[in-house]
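Topology and contacts: notes
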Amino acid sequence: MVGSIAAIGAGIAVIGAGLGIGQVGGKAMEGIARQPEAASKIQTAMIIAAALIEGVALFGVVVAFLGNNPPAA
């Protein structure tokens, strides 16, 4: 039972990361379309934000799977 709960937690973390990166990418494309001369600055900020989102998602997956081991009785 604990393993399935950990898998649900990992899945939620991955879904959240996908939504976050989608939002960042979409807003960056809007910003580049509105101001093409700022494309390099927007792209740099987008890559940094996407990396931070992926890091948080990886942390969530690791925590979910670490919670998979029940304490020894």
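Take helix H2 (residues 39–66) next. Residues lying three or four places apart along an α-helix face the same way, a consequence of the helix completing one turn every 3.6 residues. Given a rise of 1.5 Å per residue, 28 residues ought to cover 40 Å, and the 40 Å separating the end C-alpha atoms of H2 matches this to within 8%. For H2, the complete set of buried residues consists of Met46, Ala50, Ala57, Val61 and Ala64.

We now examine the environment of Ala51. Mapped onto the elements, Ala51 comes out in helix H2. Under the relative-accessibility criterion, Ala51 is labelled partly exposed at 48%.

Mapped onto the fold, Val56 is located in helix H2. Under the relative-accessibility criterion, Val56 is labelled exposed at 60%. C-alpha of Val56 to C-alpha of Lys41: the two residues are 15 residues apart in sequence and 23 Å apart in space.

Conventions adopted
- Residues numbered from 1 in each chain as written.
- Predicted model: local features only at pLDDT ≥ 70, side-chain atom pairs only at ≥ 80, totals over all residues.
- Heavy atoms only, no water.
- Helix = DSSP H or I, 4+ residues; strand = E, 2+ residues; numbered from the N terminus.
- Expected span 1.5 Å × (residues − 1).
- Buried < 20%, exposed > 50% of the residue type's maximum accessible area, 1.4 Å probe, protein only.

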